[in-house]
Amino acid sequence: MRQQTGVWLVGARGSVATTTVAGAAALAAGLARPTGCVTATRPLDRLPLPGFDELVFGGHDIVPLPLRKRAEQLVEAGVLPAWVTAQLDAALDTADREIRSGARPAEGAPQARHADSLTADLRSFRERHGLDRVVVVNLSSTEPAVDPSCIPGTREELRRALAERSDVLPPSSLYAYAALEAGCAYVNFTPSTGIRLPALESLAADRALPYAGRDGKTGETLVKSVLAPMFAQRALRVRSWSGTNLLGGGDGATLREPGAARSKTESKSRVLEEVLGHAVEGETHIDDVPDLGEWKTAWDHIGFEGFLGVRMTMQFTWQGCDSALAAPLVLDLVRLMAAAHRVGASGPQTQFGFFFKDPFVAGSTPAGEPLARPEHGLDAQYRALLDWAGSVAS
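It should be emphasised that the depicted structure is a prediction, and the values quoted were computed from it without experimental measurement. (Residues numbered from 1 in each chain as written. Predicted model: local features only at pLDDT ≥ 70, side-chain atom pairs only at ≥ 80, totals over all residues. Heavy atoms only, no water.)

Caption draft 1: Region of interest: the environment of Thr284. Its location among the elements puts Thr284 in strand β8 (residues 284–288). A C-alpha to C-alpha distance of 38 Å links Thr284 and Trp83, two positions 201 residues apart in sequence. A polar contact of 3.5 Å, which involves the side chain of Thr284, links it to the side chain of Lys224. (Helix = DSSP H or I, 4+ residues; strand = E, 2+ residues; numbered from the N terminus. Polar contact = N/O pair within 3.5 Å; in protein donor to acceptor, adjacent residues only side chain to side chain.)

Caption draft 2: Looking closely at a nonpolar patch on the surface. Residues Phe307, Leu308, Val310 and Met312 make up a contiguous nonpolar surface patch of about 470 Å² in total accessible area. Examined against the element boundaries, Phe307 turns out to sit in the loop between β9 (295–305) and β10 (311–321). Look at Phe307 and you get exposed, because its relative accessible area is 70%. (Patch = residues over 30% accessible without salt bridge, like charges linked within 9 Å, V, L, I, M, F, W, Y side chains within 5 Å. Areas by Shrake-Rupley, 256 points an atom, 1.4 Å probe, with all protein chains shown as cover. Salt bridge = Lys/Arg side-chain N within 4 Å of Asp/Glu carboxyl O. Buried < 20%, exposed > 50% of the residue type's maximum accessible area, 1.4 Å probe, protein only.)

Caption draft 3: View of empty space enclosed by the protein. Across all of its chains, the model carries one cavity of 30 Å³ or more by this definition. If you go around the largest cavity, the residues you meet are Leu9, Ala12, Val21, Phe57, Gly58, Leu67, Ala95 and Ile99. Considered class by class, the residues forming the lining of the largest cavity number seven nonpolar, one polar and no charged. (1 Å grid on protein atoms, 1.4 Å probe; cavity = no way out; pocket = protein on both sides within 12 Å on 5 of 7 lines; lining within 4 Å. Points joined across faces, edges and corners; volume = space filled by probe spheres on them. Nonpolar A, V, L, I, M, F, W, Y, C, P; charged D, E, K, R; others polar.)

Caption draft 4: Seen up close, the nonpolar core. Counting residues in hydrophobic clusters, the biggest one holds 58 residues, and the most contacted among them are Leu9, Phe57, Val137, Phe189, Phe352, Phe355 and Trp388. The dominant element in this core, judged by the number of residues it contributes, is helix α12 (residues 322–342), at eleven residues. When residues no more than four places from it in sequence are discounted, the contact partners of Trp388 are Leu47, Leu336, Ala340, Gln351 and Phe352. Residues Phe125, Tyr175, Ile195 and Ala204 belong to the second largest nonpolar core, which totals 35 residues. (Core = buried A, V, L, I, M, F, W, Y, C linked by side-chain atoms within 4.5 Å. Contact = heavy atoms within 4.5 Å.)

Caption draft 5: Highlighting the packing of aromatic side chains. All told, the structure shown has eight aromatic pairs when counted by the stated rule. Summarising the aromatic geometry, the rings of Phe231 and Phe304 are spaced 5.0 Å apart at their centres and angled 55 degrees between planes, so their arrangement reads as tilted. With Phe231 in helix α9 (residues 220–233) and Phe304 in strand β9, this residue pair connects regions lying 73 residues apart in the sequence. For the residue pair Phe231 and Phe304, the accessibility class agrees, reading buried in each case. With 5.2 Å between their ring centres and 85 degrees between their planes, Phe354 and Phe355 make a pair best called edge-to-face. Judged by its relative accessible area of 14%, Phe354 is buried. The ring of Phe360 is capped by Arg196, whose NZ or CZ atom sits 4.2 Å from the centre of that ring. Here the basic side chain of Arg335 rests over the ring of Phe52, its NZ or CZ set 4.2 Å away from the ring centre. (Phe/Tyr/Trp six-rings, centres within 6.5 Å; stacked < 30°, edge-to-face > 60°. Lys NZ or Arg CZ within 6 Å of the ring centre and 35° of its normal.)

Caption draft 6: Expanded view of the sheet that holds β9. The strand order β8-β7-β9-β10 describes an open sheet built from four strands, whose pairing is mixed. Among the strands making up the open sheet, the edge pair consists of β8 and β10. On average, adjacent strands in this sheet sit at an angle of 10 degrees to one another, irrespective of strand direction. In terms of strand pairing, strand β7 (residues 237–247) meets β9 through ten bridges, oriented antiparallel. Following the sheet pairing, Ser242 is matched in β9 by His301. Here α9 sits on the sheet and contacts β7, β8, β9 and β10; the angle it forms with β10, its principal contact strand, is near 155 degrees. (Pairing = 2+ DSSP bridges. Axes fitted to C-alpha atoms, helices over the stretch in contact; angles between N-to-C directions.)

Caption draft 7: View of unusual backbone geometry. Arg42 connects to Pro43 through a cis peptide bond whose omega is 5 degrees. Secondary-structure assignment places Pro43 in the loop between α1 (15–28) and β2 (55–61). For the bond from Gly213 to Arg214, the omega torsion is 20 degrees, close enough to zero to count as cis. As for its position among the elements, Arg214 is in the loop between β6 (210–213) and α9. You will see that Ala235, though not glycine, has its phi angle at about 55 degrees, which is positive.

Caption draft 8: Representation of the side chain of Thr119 in the model. Turning to its location among the elements, Thr119 is positioned in helix α5 (residues 111–129). Given the relative accessible area of 4%, Thr119 is considered buried. For Thr119, the side chain forms a polar contact with the main-chain oxygen of Ala115, separated by 2.8 Å. The contact partners of Thr119, leaving out residues within four places of it in the chain, are Ala178, Glu181 and Ala182.

Take a look at the structure:
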């Protein structure tokens with residue numbers, strides 16, 4: 001049975017979103033292999049997943065550049081193959097017609113007005129295409145972290161504040177609110193706050209909607225989530241772990257802002273202490289290098305202690321294209337969230353922690369603090385994903 005699934009991308013004209021739309025179209029047309037798509041491997045491919053040809057794309061963005069033009073830029077940068085613009089223009093144009101402006105209303109207007117507009121866009125998208133469900137994915141630029149205690153803690157207080165004020169929620173959380181109001185599943189692929197606020201999690205529970213996040217694990221942190229458990233399991237004490245990340249493109253420019261950079265580095269560093277069980281010396285630095293364009297380089301230096309206190313080191317370098325690494329994960333998450341929503345799952349989908357640097361755990365305190373530490377080891381996360389898949393497929 002076909003299951004038309006809407007994919008609503010916040011930041012729909014960015015590099016990751018454009019690569020996602022083009023990639024889905026290529027896979028649907030049989031023009032490419034699903035390299036990097038975990039849901040195309042067994043046993044996950046046996047789940048009741050929507051096909052790549054059953055995904056209907058739309059989204060919000062504040063920039064007017066058409067997807068076709070953005071794809072041309074990515075072809076020039078070597079992110080997309082040259083045949084994309086020749087063979088997938090129709091698919092890009094179709095998705096582009098479903099992108100709506102995410103620009104804020106007049107200065108000082110109550111934020112509820114903006115939220116209502118975003119919600120209406122989502123409902124219209126679902127109704128016009130007769131979609132079974134819609135998954136909203138946040139791919140927008142990283143925001144500075146917010147203090148949850150400064151945001152209304154209950155749904156009722158939040159609604160009153162939105163009706164009165166223009167500055168209640170950060171943009172990522174306002175989009176999450178709109179997604180929930182429209183009855184959509186939600187994924188936060190960025191380090192921004194998104195749904196991670198008590199009032200929004202309560203709203204998701206009330207609407208019986210699933211959500212997942214935060215911050216897609218695509219490069220350096222992916223390697224950390226493999227190496228850190230190795231050191232812990234072999235009883236080798238890590239004393240220091242320092243990293244330098246060189247980024248170009250929009251990410252590099254966004255992360256020049258100290259607040260946004262802090263949000264990103266905290267997400268990247270969290271895995272170490274929680275896997276190793278103790279703090280380590282060293283920091284993660286992010287530098288904007290415009291010359292790198294759509295590519296990024298990460299260099300890490302690890303100092304560790306072996307038997308009888310012998311000091312040793314390890315270094316690794318990771319070079320890659322973030323859009324090409326992220327796009328298949330976005331497609332995986334959309335398909336998995338659609339399957340979870342289809343079988344009635346709601347609340348934080350902790351089994352999808354495999355895809356995130358800062359994954360959700362089940363349960364939280366009234367202040368929104370997790371009741372337990374999340375699992376960060378990639379192998380353990382993968383086993384949890386497979387266990388869930390087995391329970392759904394059986």
